[in-house]
Amino acid sequence: MSYPEPRYLGERGQVSALFLPASPQPDTGSSGFGISYVANQENTNGEFGLHKIDMGPKAMGATEHFHRTISESFYVLSGEVRLYNGERWVTGGEGDFLPVPAGGLHAFQNDSDDPVSLLLLFTPGAPREEYFEKVAEYSQRSREELEAFQVRHDQYNTDMLDD
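Residues numbered from 1 in each chain as written. Predicted model: local features only at pLDDT ≥ 70, side-chain atom pairs only at ≥ 80, totals over all residues. Heavy atoms only, no water.

A few words on the nonpolar core. Formed by 26 residues in total, the largest nonpolar core has its most connected members in Met-55, Phe-74, Phe-108 and Leu-118. Contributing elements (two or more residues each) for this core: β2 (33-39), β3 (49-55), β5 (71-78), β6 (81-84), β8 (97-100), β10 (116-123), α1 (128-139) and α2 (143-152). Among the elements that line this core, the one with the most residues is β10, at four residues. (Core = buried A, V, L, I, M, F, W, Y, C linked by side-chain atoms within 4.5 Å. Buried < 20%, exposed > 50% of the residue type's maximum accessible area, 1.4 Å probe, protein only. Helix = DSSP H or I, 4+ residues; strand = E, 2+ residues; numbered from the N terminus.)

Put into structure tokens, the structure is as follows:
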């Protein structure tokens, strides 16, 4: 295994780091479920997206799904979260990590009586913000509209796939 091809070809480096202060409130979410956009494709030049998820007790996360264009990784900051790795549910605690490559089945939820916080890392960066902000709205629409919305956002829930 080797390093990828260079993407920066300068000799001395450049001033390009971007400080992003923490937001006092989640950027979106619903009761018992908050999402903060730590970094998105816009401020990472499409390299990755990093979102912080705060889930209240007994909060539903995402049902079994996969992505065709992005990987998604979960890093547990605090609490215990149930993670589905494509074969079985496991309980992740502080410091546990679940990387899911493109095409990998996964899901997550908080079954506990305590809150949980985790980081979601998407690579490469994708415009996931609209998905998180509008998925509840589209869930109230027709099945066709919901499926088109999910496909547009590289979200393939296995309970919606045709047999």
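Within the open sheet, the five strands sit side by side as β7-β6-β9-β4-β11. Their pairing is antiparallel. The open sheet has two edge strands, β7 (89-92) and β11 (156-157), and neither has a second partner. The sheet contact formed by β6 and strand β9 (residues 106-109) spans three bridges and is antiparallel. Residue pairing across strands places Arg-82 opposite Gln-109, the latter belonging to β9. (Pairing = 2+ DSSP bridges.)

Here the residue pair Thr-123 and Pro-124 is connected by a cis peptide bond, since its omega of -10° sits within 30 degrees of zero. The topology assignment puts Pro-124 in the loop between β10 and α1. Backbone geometry places Asn-45, a non-glycine residue, at a positive phi of 55°. Within the secondary structure, Asn-45 sits in the loop between β2 and β3.

Here the focus is the pattern of salt bridges. A complete count under the given rule lists eight salt bridges for this structure. One salt bridge in this structure joins Glu-137 and Arg-141, with 2.4 Å as the shortest N-O distance. Given the relative accessible area of 34%, Arg-141 is considered partly exposed. The structure contains a network of salt bridges with shared partners spanning Glu-137, Arg-141 and Glu-145. (Salt bridge = Lys/Arg side-chain N within 4 Å of Asp/Glu carboxyl O.)

In this section: the side chain of His-153. Considering the arrangement of structural elements, one finds His-153 in the loop between α2 and β11. By relative accessible area, which is 7% here, His-153 ends up buried. Filtering out sequence-adjacent residues up to four positions away, His-153 remains in contact with Pro-127, Arg-128, Glu-130 and Tyr-131. (Contact = heavy atoms within 4.5 Å.)

Mapped onto the fold, Glu-147 is located in helix α2. Residues Glu-147 and Phe-66, spaced 81 residues apart in sequence, show a C-alpha to C-alpha distance of 14 Å.

Here we take up the environment of Gln-150. Within the secondary structure, Gln-150 is located in helix α2. Note on Gln-150: relative accessible area 5%, which makes it buried. Spatially, the C-alpha atoms of Gln-150 and Val-135 are 8.2 Å apart, while their sequence positions differ by 15 residues. Leaving out residues up to four positions away in the same chain, Gln-150 has contacts with Tyr-131, Gln-155, Asn-157 and Met-160.

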